[in-house]
Amino acid sequence: MSLYVGFTGSRLDRIEPARQDAQALAALAADPRALILDMPDYVPEVAACALAWRPLTPLPAEELLLLGVIDTIPRFARIDPKAVAARRTPELMSLLDGLSAGEAGTYAAARSVLDWHARHRFCANCGASSVPHHAGWARHCNQCGTEHYPRTDPVAIMLAEYDDGVEKRVLIGRQASFPEGRYSALAGFIEVGESIEEAVARELHEEAGVAATSVRYIASQPWPFPSQLMVACIATVADDVITLDMAELEDARWATRADVAAALADAPDAPFRAPPRYAIANTLFHAWLDEQTSS
């Protein structure tokens, strides 16, 4: 089963050893072929459905984020010392919808790290100001010596599947903030001391009152808003009685194979609107449909 997963497949070779080598970093920055991804307000320039790069001009070392190399050409982004935390806008999401998963993946790496710098200028250990370190992939506190690294927050995102002996159905839900008619998979952060399977079961029970009996992994996706790892699963549940947590969801319902197929095809009579292609919830719907077709 081959699935499209947004924000994955970047062609970046991240060349991690160069981050620790000041001479190697200087040589990469001095390479006349070196390019930078210009992202004012975290929005990339796009040309012909691809990220647009421009020649790298000299920057202070502490403002250089080494993304890696693509086709042997060094790729950078700028750490703006005055940047504010990123925000997500409909215009940005529409722009990303036109990129391939790999191109969006390169953007995701740059956006997440730059946003992390904007949000973490002070040492969590002593409160002093910190500075970019390791080619932009860390921050260093000159007062207490602590090093800080970008974090990724794991999120479980799942479809609950119920088989009544006639046909299988999946549980879909919507939040009030969703566009009109859109439904998606349920999701929630994986908590400290919790496995993926435990998080899936807990979130399904908390949000919809259904009890998972088994959980199977499908795929994962970096989600740079601001910096999460979406872990997509399908859970078999014991019954189809929904007890909705109105603080989390506006509505939840069961969808048949025909319902999901119509939504993914954007059919005029589809009973709900599917998540966009770059969202792993869309991948989950496709994975579940593929399983029904092959079973």
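Everything here concerns the structure above.
Conventions and cut-offs
Residues numbered from 1 in each chain as written. Predicted model: local features only at pLDDT ≥ 70, side-chain atom pairs only at ≥ 80, totals over all residues. Heavy atoms only, no water. Pairing = 2+ DSSP bridges. Helix = DSSP H or I, 4+ residues; strand = E, 2+ residues; numbered from the N terminus. Axes fitted to C-alpha atoms, helices over the stretch in contact; angles between N-to-C directions. Parallel < 35°, antiparallel > 145°, perpendicular 65-115°, else oblique. Left-handed = near helix turned anticlockwise from the far one by under 90°. Contact = heavy atoms within 4.5 Å. Buried < 20%, exposed > 50% of the residue type's maximum accessible area, 1.4 Å probe, protein only. Expected span 1.5 Å × (residues − 1). Salt bridge = Lys/Arg side-chain N within 4 Å of Asp/Glu carboxyl O. 1 Å grid on protein atoms, 1.4 Å probe; cavity = no way out; pocket = protein on both sides within 12 Å on 5 of 7 lines; lining within 4 Å. Points joined across faces, edges and corners; volume = space filled by probe spheres on them. Nonpolar A, V, L, I, M, F, W, Y, C, P; charged D, E, K, R; others polar. Phe/Tyr/Trp six-rings, centres within 6.5 Å; stacked < 30°, edge-to-face > 60°.

Student: Any chance you could break down the sheet that holds strand S9 (residues 147–148) for me, citing the residues and the numbers?
Tutor: The sheet built from 3 strands is open, its strands ordered S7-S8-S9 with antiparallel pairing. Across the chains shown, the open sheet's two edge strands, defined by having one partner strand only, are strand S7 (130–133) and S9. Sheet topology note: the S7/strand S8 (residues 138–141) ladder contains 4 bridges and is antiparallel. Bridge pairing in S8 places Val131 opposite His140.

Student: How would you sum up the packing of helix H6 (residues 257–264) against helix H7 (residues 280–294)? Please name residues and give values.
Tutor: At a minimum axis distance of 10 Å, the contact between H6 and H7 shows a crossing angle of 130°. As the angle between them shows, H6 and H7 are arranged oblique. The hand of the H6/H7 crossing is left-handed. Between H6 and H7, the residues in contact are Arg257, Val260, Ala261 and Leu264 and Asn282, Phe285, His286, Trp288, Leu289, Gln292 and Thr293, respectively.

Student: Please provide a residue-by-residue account of the pairing of strand S14 (residues 228–237), values included.
Tutor: Of all 10 residues making up S14, 8 are buried, and the element is well covered by its neighbours. Judged from the 9 bridges that link them, strand S10 (residues 153–163) and S14 form a sheet pairing that is parallel. Bridged to Leu159 within S14 is Ile234. In this sheet, S14 lies alongside strand S13 (residues 212–223) in antiparallel orientation, the contact comprising 10 bridges. Each bridged residue has a counterpart across the sheet, and for Arg216 the counterpart in S14 is Ile234. Taken together, S13 and the strand that follows it, S14, pair antiparallel across an intervening segment of 4 residues.

Student: Summarise helix H4 (residues 101–119); cite the residues concerned and give the values.
Tutor: Helical geometry note: an α-helix holds 3.6 residues per turn, so side chains three or four residues apart project in the same direction. If you check H4, its first and last C-alpha atoms are 26 Å apart, about what 19 residues at 1.5 Å a residue would give, namely 27 Å. Counting buried positions over the 19 residues of H4 gives 18, a clear majority of the element.

Student: Give a detailed account of the pattern of salt bridges, specifying residues and quantitative values.
Tutor: Any two side chains of opposite charge can pair if their charged atoms end up close together. Taken as a whole and judged by the stated rule, the model has 17 salt bridges. Arg151 serves as the salt-bridge partner of Asp153, at 2.5 Å between the closest nitrogen and oxygen. Given the relative accessible area of 52%, Arg151 is considered exposed. A network of salt bridges, in which partner residues are shared, links Glu191, Glu194, Arg202, Glu203 and Glu206.

Student: Quick one: what's the story with the layout of surface pockets, residue by residue and with numbers?
Tutor: In this structure, the largest pocket encloses a volume near 960 Å³. Around the largest pocket, the lining is made up of 34 residues, and of these Arg88, Gln175, Phe178, Ser184 and Trp223 lie nearest the centre. Among the secondary structure elements, those contributing two or more residues to the lining of the largest pocket are helix H3 (90–97), S10, strand S11 (168–174), strand S12 (186–189), S13, S14 and H7. By residue number, the principal contributor to the lining of the largest pocket is S12, which donates 4 residues. Here the residues of the lining of the largest pocket are counted per class, giving 20 nonpolar, 8 polar and 6 charged.

Student: Run through the packing of aromatic side chains, naming residues and quoting values.
Tutor: For the structure shown, the criterion picks out 8 aromatic pairs. Measuring from centroid to centroid gives 6.0 Å for Phe7 and Phe225, while their planes differ by 75°, and the two rings are edge-to-face. Within this pair, whereas Phe7 is found in the segment before helix H1 (16–19), its partner Phe225 is found in the loop between S13 and S14, the two being separated by 218 residues in sequence. Neither Phe7 nor Phe225 differs from the other in exposure class; each is buried. Measuring from ring centre to ring centre gives 6.3 Å for Tyr183 and Phe272, while their planes differ by 70°; the resulting arrangement is edge-to-face.

Student: Can you break down the sheet that holds strand S1 (residues 35–37) residue by residue, with the values?
Tutor: Strand order across the open sheet formed by 4 strands is S4-S1-S6-S5, with mixed pairing between neighbours. Where the open sheet ends on each side, the last strands, each with one partner, are strand S4 (53–55) and strand S5 (64–70). Strand-to-strand twist in this sheet, taken as the mean axis angle between neighbours without regard to direction, amounts to 35°. As paired strands, S1 and S4 are joined by 3 bridges and run antiparallel to one another. Residue pairing across strands places Leu35 opposite Pro55, the latter belonging to S4.

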